[in-house]
Amino acid sequence: MTVGPHARLTELGLSLPTVVPPVAAYVPAVRSGEHVYVSGQLPMADGALLAVGKVGAEVTPEQGRELAGRCALNALAAIDALVGLDAVTRIVKVTGFVASAAGFTGQPAVINGASELFGEVFGDAGRHARSAVGVAELPLGAPVEVEVVVEVS
């Protein structure tokens, strides 16, 4: 990729937010060897959840997709604060959790909001393994949560 991740974010009209402070006893990201493990990120902006509720009920799938993108942006902020985005050589694994209304089965499409952002920022290095899981509830009533494992140099 010829354009760095910060420049790519700018091209996309995005900027990294402040790292979301943990809501419990953990840290936003940890490096172990050549990997950074990012704790589950909620769709927070300026210290508040952007939405609450379940996808397929109070939150539309399209809104959920946008919120998953925000989770991914928050994950990038945590990575940048720990090692710098320029150190990322590959997005390895994304795990997305979707607080789902009964009968909602569109979790993969919701988590595409995160996956596509990683692809837009890192190109082929943003392609990753992934799980998209429907759950009954998420912390603080969030509709989505995304955790990430990245390889760094």
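These remarks concern the structure in this document. (Residues numbered from 1 in each chain as written. Predicted model: local features only at pLDDT ≥ 70, side-chain atom pairs only at ≥ 80, totals over all residues. Heavy atoms only, no water.)

## Describing a nonpolar patch on the surface
A contiguous nonpolar patch, built from Val23, Tyr26 and Leu140 and spanning about 280 Å² of accessible area, is present on the exposed surface. Among the structural elements, Val23 can be located in the loop between helix 1 (5-11) and strand 1 (29-32). Of the residues examined, Val23 reaches a relative accessible area of 45% and is grouped as partly exposed. (Patch = residues over 30% accessible without salt bridge, like charges linked within 9 Å, V, L, I, M, F, W, Y side chains within 5 Å. Areas by Shrake-Rupley, 256 points an atom, 1.4 Å probe, with all protein chains shown as cover. Salt bridge = Lys/Arg side-chain N within 4 Å of Asp/Glu carboxyl O. Helix = DSSP H or I, 4+ residues; strand = E, 2+ residues; numbered from the N terminus. Buried < 20%, exposed > 50% of the residue type's maximum accessible area, 1.4 Å probe, protein only.)

## Considerations on unusual backbone geometry
The phi dihedral of Asp46 falls on the positive side, at around 55 degrees, and the residue is not glycine. Using a relative accessible area of 84% as the deciding quantity, one classes Asp46 as exposed. Residue Leu140 is not a glycine yet carries a positive backbone phi of 60 degrees. Within the fold, Leu140 resides in the loop between strand 6 (129-135) and strand 7 (144-152). Under the relative-accessibility criterion, Leu140 is labelled exposed at 55%.

## Thoughts on the pairing of strand 5 (residues 88-99)
Where strand 5 and strand 7 come together, nine bridges link them in antiparallel fashion. Note on strand 7: the bridge partner recorded for Gly96 is Val146. Of the strand pairs in this sheet, strand 5 and strand 6 are connected by seven bridges, and their pairing is parallel. Directly across from Val94, in strand 6, lies its bridge partner Arg130. (Pairing = 2+ DSSP bridges.)

## Quick word on the packing of helix 2 (residues 61-82) against helix 3 (residues 107-122)
Relative to each other, helix 2 and helix 3 sit at 40 degrees, their axes nearing to 7 Å. Taken as axis vectors, helix 2 and helix 3 run oblique relative to one another. In this structure, helix 2 crosses over helix 3, and the sense of that crossing is right-handed. Every residue of helix 3 that contacts helix 2 at Pro61, Gly64, Arg65, Ala68, Gly69, Ala72, Leu73 and Leu76 is listed here: Ala109, Val110, Ile111, Asn112, Gly113, Ala114, Glu116, Leu117, Phe118, Val121 and Phe122. Here the contact of helix 2 with helix 3 is built from residues that sort into 13 nonpolar, four polar and two charged. (Axes fitted to C-alpha atoms, helices over the stretch in contact; angles between N-to-C directions. Parallel < 35°, antiparallel > 145°, perpendicular 65-115°, else oblique. Left-handed = near helix turned anticlockwise from the far one by under 90°. Contact = heavy atoms within 4.5 Å. Nonpolar A, V, L, I, M, F, W, Y, C, P; charged D, E, K, R; others polar.)

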